[in-house]
Amino acid sequence: MSKLRVAVLGAKGRIGAEAVRAVEAADDMELVAALGRGDRLETLVDSGAQAVVELTTPASVMGNLDFCVRHGIHAVVGTTGWTDERLARLTAWLDGSPETGVLIAPNFSIGAVLTMRFAEQAARYFESVEVVELHHPGKADAPSGTATRTAQLIAAARARAGTAPQPDATVTALDGARGADVDGIPVHSVRLRGLLAHQEVLLGAEGETLTIRHDSLHHSSFMPGILLGTRRVVTTPGLTFGLEHFLDLN
Ligand SMILES: NC(=O)c1ccc[n+]([C@@H]2O[C@H](COP(=O)([O-])OP(=O)(O)OC[C@H]3O[C@@H](n4cnc5c(N)ncnc54)[C@H](O)[C@@H]3O)[C@@H](O)[C@H]2O)c1
Ligand SMILES: O=C(O)C1=N[C@H](C(=O)O)CCC1
């Protein structure tokens, strides 16, 4: 059986370097390119890459995906910074290349995907819900892509269930004291030396609270999801948002 020809973009970064090792170690994959900032994207074509693992920066990801989709190279994307406008642009590019697949995964770790799912399930049963994400101080952005997605899923679940707005009588004396507002869900971002990637979803009702916490302790936690996404994206044309679509979760 021929091996899947895979390239990594952002290969010298924190997660990219780990992804290079994971692809090299996968029996069914061949690492054909490992590109960093300033390297020529044409190398992807020259090396015959079938799929790219995109782990760069919010400033670089759109240019990289434009190139990949135009050349019919499938992509698995962990890079953050996704807005409705960016997703619409990517969808339009994919419409022009209907056999190409792109997976965007706000988080590749199974525990984080399950955190999102559990939070979505619990959201309608509790009056209050807030998200706290905690990351290493080198992280590019806030709130994290995972926290943004978690809050969006919670808000959508509450809207579907007709849940009342959260109780909150607080008058803030300082901007930001109550976190960022993502679709009505407060999201708080901590940046702390020693951490990697962590999230708590705090839910509260009369007389009880529920805390759903996930900790990524090493970048290896993201690798099974990256490899699964890479295997699946090559046979899944169009845009897939969230690794849960490639997991048998129900
Ligand atoms: N989805 C997930 O599970 C997951 C997990 C970890 C990190 N991330 C995200 O991945 C991204 C990278 O995170 P990181 O901690 O590795 O950051 P990092 O800064 O350590 O690495 C990014 C790398 O990309 C390189 N780069 C920038 N522009 C490039 C380009 N045009 N072509 C090739 N390389 C380019 C940089 O030089 C750097 O080496 C962030 O958006 C982060 O939030 C996602
Ligand atoms: O370390 C990072 O940066 C991470 N980014 C993703 C996010 O923003 O949610 C996933 C977790 C790690």
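Residues numbered from 1 in each chain as written. Chains lettered and ligands numbered in written order. Predicted model: local features only at pLDDT ≥ 70, side-chain atom pairs only at ≥ 80, totals over all residues. Heavy atoms only, no water.

**A few points about the site of ligand 2**
Heads up, the rule is: Nearness is judged by heavy atoms alone; a residue qualifies as near a molecule or strand once a single heavy atom is within 4 Å of it. In protein, a polar contact requires one atom able to donate a hydrogen and another able to accept it; more generally it is a pair of N or O atoms within 3.5 Å, and residues adjacent in sequence count only if both atoms are side-chain atoms. Note on areas: Shrake-Rupley with a 1.4 Å probe; residue coverage comes only from the protein chains shown. Every definition here rests on a 1 Å grid over the protein atoms only: cavities are sets of points where a 1.4 Å probe fits but cannot get out, pockets are open sets enclosed by protein on both sides within 12 Å along at least five of seven lines, and lining residues have some atom within 4 Å of a point. Cavities and pockets are treated as containing a molecule whenever more than half of the molecule's atoms lie within 2 Å of their grid points.
Every residue close to ligand 2 is listed here: Thr80, Pro106, Asn107, His135, His136, Lys139, Ser144, Gly145, Thr146, Ala197 and Phe222. Within the backbone of Gly145, one N or O atom sits 2.8 Å away from an oxygen atom of ligand 2. Contacts to ligand 2 include Thr146, whose side-chain N or O atom sits 2.5 Å from an oxygen atom. When ligand 2 is considered free in solution it has 310 Å² of accessible area, and contact with the protein chains removes 84% of it. Taking a 2 Å distance to the grid points as the criterion, the majority of the atoms of ligand 2 fall inside the largest pocket.

**Structural notes on the domain arrangement of the protein**
Test applied: The split into domains, and so the bounds of each, comes from an automatic or database assignment of domains. Put simply, buried area is how much 1.4 Å-probe accessible surface two parts lose in total, over both of them, once they are put together. Any carboxyl oxygen of Asp or Glu that lies within 4 Å of a side-chain nitrogen of Lys or Arg is treated as forming a salt bridge with it.
Partitioning the protein into domains gives domain 1 (4-104 + 220-246) and domain 2 (110-217). Its C-alpha centre places domain 1 at a distance of 27 Å from the equivalent point of domain 2. Summing the contributions of domain 1 and of domain 2, the shared interface buries around 780 Å²; its carbon and sulfur component is 58%. Three residues stand out in domain 1 for area buried against domain 2, namely Arg14, Thr80 and Glu244, and they jointly supply 49% of the buried area on that side. Where domain 1 packs against domain 2, one counts zero salt bridges. Here domain 1 is connected to domain 2 by three residue pairs in polar contact (both at pLDDT 80 or more).

**Description of the packing of helix H5 (residues 110-122) against helix H6 (residues 145-161)**
As a reminder, the rule being used: Whenever a helix is involved, its axis is fitted only over the stretch in contact; in every case the axis is a line through C-alpha atoms, and angles between N-to-C directions fall within 0 to 180 degrees. Under the DSSP-based scheme used, a helix requires at least four consecutive residues in state H or I and a strand at least two consecutive residues in state E, with every element numbered from the N terminus. When an angle is under 35 degrees it counts as roughly parallel; over 145 it counts as roughly antiparallel; between 65 and 115 it counts as roughly perpendicular; any other value is oblique. Two helices cross in a left-handed way if the nearer one is turned anticlockwise from the farther one by less than a right angle. They cross in a right-handed way if the turn is clockwise. In what follows, a contact means two residues having at least one pair of non-hydrogen atoms within 4.5 Å. Think of it as three bins: nonpolar holds Ala, Val, Leu, Ile, Met, Phe, Trp, Tyr, Cys and Pro, charged holds Asp, Glu, Lys and Arg, and polar takes everything else, Gly as well.
In contact at an axis separation of 8 Å, H5 and H6 are set at 25° when each is read in the N-to-C sense. Classified by the angle their axes make, H5 and H6 are roughly parallel. As for the relative orientation of H5 and H6, their crossing is right-handed in sense. Packed against H5, whose contacting residues are Met116, Ala119 and Glu120, the element H6 presents Thr146, Arg149, Thr150, Leu153, Ile154, Ala157 and Arg160 at the interface. The residue makeup of the contact of H5 with H6, split by class, is five nonpolar, two polar and three charged.

**Concerning the site of ligand 1**
In the region of ligand 1, 22 residues are neighbours, and Arg14, Ser60, Thr80, Ala105 and Phe108 sit closest. Within the side chain of Ser60, an N or O atom sits 2.7 Å from a nitrogen atom of ligand 1. Measuring from an oxygen atom of ligand 1, one finds a backbone N or O atom of Phe108 at 2.8 Å. More than half of the atoms of ligand 1 fall within 2 Å of the grid points belonging to the largest pocket. Residues belonging to the shell around ligand 1 are distributed by class as follows: seven nonpolar, eleven polar and four charged.

**A word on empty space enclosed by the protein**
Quick reminder of the rule: Grid points are joined across faces, edges and corners, and a volume is the space filled by probe spheres set on the points.
Inspection of the entire model under this criterion finds one cavity of 30 Å³ or more. Of the volumes computed, that of the largest cavity is approximately 70 Å³. Contributing to the lining of the largest cavity are Asn107, Ala112, Thr115, His135, Ser144, Thr146, Ala197, His198, Gln199 and His214. Secondary structure elements with two or more residues in the lining of the largest cavity: H5 and strand E9 (197-205). Here the residues of the lining of the largest cavity are counted per class, giving two nonpolar, eight polar and no charged.

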